[in-house]
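Inside the fold
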Amino acid sequence: MAYKVRLAEFDSILQADKINLSKLQELCFAGIPDEGGRRALCWRLLLHSLPLDRHCWDQHLHDKRKQYHAFVDDIVVGGSINNSTSSSNEALHTSYSSSNCRVSDASDLDTSSGSSRCNGSLDSSTVESSKKPPSSLPYHKRSYSNSSSKTNSSSSSNSLCSDHPLNLSPDSQWGSFFKDNEVLGQIDKDVRRLCPDMCFFQRLTPHPRPDTPRLYTRVSHTPLHATSLPDKLSSAHPRQRGARKSPSPPPENLPPGSEAHWEVLERVLFVYAKLNPGQGYVQGMNEIIGPLYYVLASTPADAEHAEADTFWLFTSLMADVRDLFIRTLDDSESGIGRLMTRLMSCLRDQDAATSDRLAHQGVKEQYFAFRWLSLLFSQEFPLPDVIRMWDSLLASPDRHRCLVLLATAMITLQRDKLLVGDFAANVKLLQNYPPCDVGAIICKAVELSEHLLV
């Protein structure tokens, strides 16, 4: 009976002509029911992705979805935001193929990435051979054998010959292509391993975009091979070698006209990175967009437009936690460094013994809290528990304060183990948080909020 009463309370708020946001936040903090698409609708309202006027919803959603599809057409289907004219693109390949502007292979180029906070390389992901024009160019602009390209190439070869894969100019199309592929290579690697404990993101979406180029085809996963060269010494004294492991096979291609859910997220994150060049894509964003997409894609009424709606939900959420992903803002009021300092101050006020124990052992907050806070606990719990915790997090008017309280609650709930554990045991416990009822963490956070100033 209590559950039915709670459903009725949600419906009374969501069916009103004007949404009472404060009452909705209070109701959502205790958890949102799964039935009837209520969670997807509530998350939209909590993230201000929908106006509070119910009569504006249909038009607002139509306009936003249309705008996102325009982004996809421009960035993915059309090639890139900085496309030049068709004739110059055609002449680029013609002049580049000449003897004056030829480079042997794109694998010889240094394309190290600098956008990720973790400063990680792209493993063995490499761009396709530079003997081909950048695939970021529109398909209809890559027909190099027609007569117009031959005519235009002679008149513009001098200016276009300067744009080649080794060109360091910020206006170079090749430079833009390589940078895009560095970002795309990292996104491709991250979305493929999203939520490995469940197979949802590897399944086929029932609403693919068969007319949209597959982004992962721009990144080739090339294994490295070694060849043994015979010499006199090795012939005279043969040595036994262990069996060499065969390189891991490239990802299996999906059937034509189909798409996996991770491909959808790859497209959304790439579009977001292109539209936000100052921030770009940072490792960990895949963990934040995953729960948003899962809630929408698993709701029958929202599944068809899950891609576009996820983009806007992700954009709204990133507007609130963006500074956690920008290294230069680590020590600012909204940066991750400041947030971790607030966490340890809160822990010291609440549980001085545990705080002193961790400080004496040298267990720094960077060892565990960096991931907790920057990824909104998305890697600490199974996806259903993350979604439940996000109900409370998104419903909080001050999400940074809520993050600190939840993290403090997680530490204090493990107080007994931390006080008797050594350095290695405590670091392992905090980096691999034990399974628990996230409801207990939320209740503890509420208790802390009543008498702690964070």
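These numbers were taken from a predicted model, which means no experiment stands behind them.

This next bit is on the overall build of the protein chain. In terms of regular secondary structure, the protein chain is built from 19 helices and two strands. The buried share of the protein chain, reckoned over its 454 residues, is 48%. For the protein chain, restricting intrachain contacts to residue pairs at least 6 apart in sequence, the fraction spanning at least 24 positions comes to 78%. Carbon and sulfur atoms form 53% of the exposed surface of the protein chain, whose accessible area is close to 22,900 Å².

Going through the model one piece at a time under the given rule, you end up with 18 salt bridges. In this structure, the salt-bridge partner of arginine 415 is aspartate 351, at a minimum N-O distance of 2.7 Å. One end of the pair, arginine 415, is in helix H17 (residues 415-420); the other, aspartate 351, is in the loop between helix H12 (336-350) and helix H13 (352-361), and 64 residues separate them in sequence. Since its relative accessible area comes to 32%, arginine 415 is described here as partly exposed. Linking glutamate 380 and arginine 371 is a salt bridge whose minimum nitrogen-to-oxygen distance equals 2.8 Å. A relative accessible area of 9% means that glutamate 380 is categorised as buried. Via salt bridges that share partners, Arg44, Arg65, Asp302 and Asp309 belong to a single interconnected network.

As a further point, take the side chain of asparagine 426. Looking at where asparagine 426 falls in the secondary structure, it is placed in helix H18 (residues 423-431). Excluding residues that lie within four positions of it along the chain, asparagine 426 makes contacts with Arg357, Leu358, Gln361, Lys417, Leu418 and Gly421.

Look at helix H15 (residues 383-395): 18 Å from first C-alpha to last across 13 residues, which is about the 18 Å you get at 1.5 Å a residue. Within H15, eleven of the 13 residues are buried, leaving the element largely enclosed by the surrounding structure. Residues of H15 that are buried make contact with helix H2 (21-29), helix H3 (38-46), helix H10 (285-297), helix H11 (306-321), helix H16 (399-412) and helix H19 (438-449).

Bringing the environment of arginine 203 into the picture now. Relative to the helices and strands, arginine 203 is located in the loop between helix H7 (173-192) and strand S2 (219-221). Taking the C-alpha atoms as reference points, arginine 203 and glutamate 259, 56 residues apart in sequence, are found 8.4 Å from one another. In contact with arginine 203, not counting residues within four places along its chain, are Glu259, Ala260 and His261.

Once that is clear, we can look at unusual backbone geometry. Phi angles above zero are rare outside glycine, and cysteine 195 is one such case at about 45°. For cysteine 195, the location among the structural elements is in the loop between H7 and S2. Despite not being glycine, leucine 376 has its phi angle at roughly 55°, a positive value. Leucine 376 sits in the buried class, given a relative accessible area of 1%.

Bringing the packing of aromatic side chains into the picture now. Per the counting criterion, the structure on display carries 15 aromatic pairs. Where phenylalanine 200 meets tyrosine 293, the ring centres are 6.4 Å apart and the plane angle is 50°; that geometry is what we call tilted. Pair noted here: phenylalanine 200 is in the loop between H7 and S2 and tyrosine 293 is in helix H10, with a separation of 93 residues, a long-range link. You can call phenylalanine 200 buried: its relative accessible area is 10%.

Low-confidence regions, as indicated by low pLDDT, have predicted coordinates that should not be scrutinised in detail. In the predicted model, the protein chain carries a mean pLDDT of 79, and 73% of its residues have values of at least 70. Overall, residues 80-116 carries pLDDT values under 50, and its contacts beyond four positions in sequence, including any with other chains, amount to 83 contacts. Ignoring residues within four places in sequence, the model shows residues 118-159, a span with pLDDT below 50, making 91 contacts including any to other chains.

Let us now look at the side chain of threonine 299. Of note, threonine 299 is situated in the loop between H10 and H11. The class of threonine 299 is buried, set by a relative accessible area of 11%.

Here the focus is the environment of valine 72. Position of valine 72 among the secondary structure elements: in helix H4 (residues 57-77). Along the backbone, valine 72 and valine 271 are 199 residues apart, and their C-alpha atoms lie at a distance of 6.8 Å.

Running from amino to carboxyl end, H4 crosses helix H9 (residues 261-275) at an angle of 80°, the nearest separation of the two axes being 10 Å. Here H4 is positioned roughly perpendicular relative to H9, judged by the angle of their axes. The segment H4 lies against H9, with Tyr68, Phe71, Val72, Ile75 and Val76 engaging Arg267, Val268, Phe270, Val271, Lys274 and Leu275. For the contact of H4 with H9, the residue count by class is nine nonpolar, no polar and two charged.

All right, on to the nonpolar core then. Leu373 and Phe377 are the most contacted members of the largest nonpolar core, which totals 110 residues. Once you skip the residues sitting within four places of it in the chain, phenylalanine 377 turns out to touch Trp372, Val386, Met389, Leu403, Leu406, Ala407 and Met410.

Before going further, it helps to examine H10. With 13 residues, H10 ought to run about 18 Å at 1.5 Å a step, and its terminal C-alpha atoms sit 18 Å apart, in line with that. Judged by how many residues are buried, H10 sits mostly within the fold: twelve of 13 residues are covered. Against H3, H7, H9, H11, helix H14 (369-374) and H15 lie the buried residues of H10.

Its place among the elements puts arginine 192 in helix H7. Arginine 192 sits in the partly exposed class, given a relative accessible area of 23%. A polar atom in the side chain of arginine 192 sits 2.9 Å from the side chain of aspartate 188.

Here we take up the packing of H10 against H15. Their axes nearest at 11 Å, the elements H10 and H15 cross at an angle of 90°. Overall, the two elements H10 and H15 adopt an arrangement that is roughly perpendicular. Here H10 contributes Ile288, Pro291, Leu292, Tyr294 and Val295 to the contact with H15, which in turn contributes Leu383, Val386, Ile387 and Trp390.

What counts and how
- Residues numbered from 1 in each chain as written.
- Predicted model: local features only at pLDDT ≥ 70, side-chain atom pairs only at ≥ 80, totals over all residues.
- Heavy atoms only, no water.
- Helix = DSSP H or I, 4+ residues; strand = E, 2+ residues; numbered from the N terminus.
- Buried < 20%, exposed > 50% of the residue type's maximum accessible area, 1.4 Å probe, protein only.
- Contact = heavy atoms within 4.5 Å.
- Areas by Shrake-Rupley, 256 points an atom, 1.4 Å probe, with all protein chains shown as cover.
- Salt bridge = Lys/Arg side-chain N within 4 Å of Asp/Glu carboxyl O.
- Expected span 1.5 Å × (residues − 1).
- Phe/Tyr/Trp six-rings, centres within 6.5 Å; stacked < 30°, edge-to-face > 60°.
- pLDDT = per-residue confidence, 0-100.
- Axes fitted to C-alpha atoms, helices over the stretch in contact; angles between N-to-C directions.
- Parallel < 35°, antiparallel > 145°, perpendicular 65-115°, else oblique.
- Nonpolar A, V, L, I, M, F, W, Y, C, P; charged D, E, K, R; others polar.
- Core = buried A, V, L, I, M, F, W, Y, C linked by side-chain atoms within 4.5 Å.
- Polar contact = N/O pair within 3.5 Å; in protein donor to acceptor, adjacent residues only side chain to side chain.

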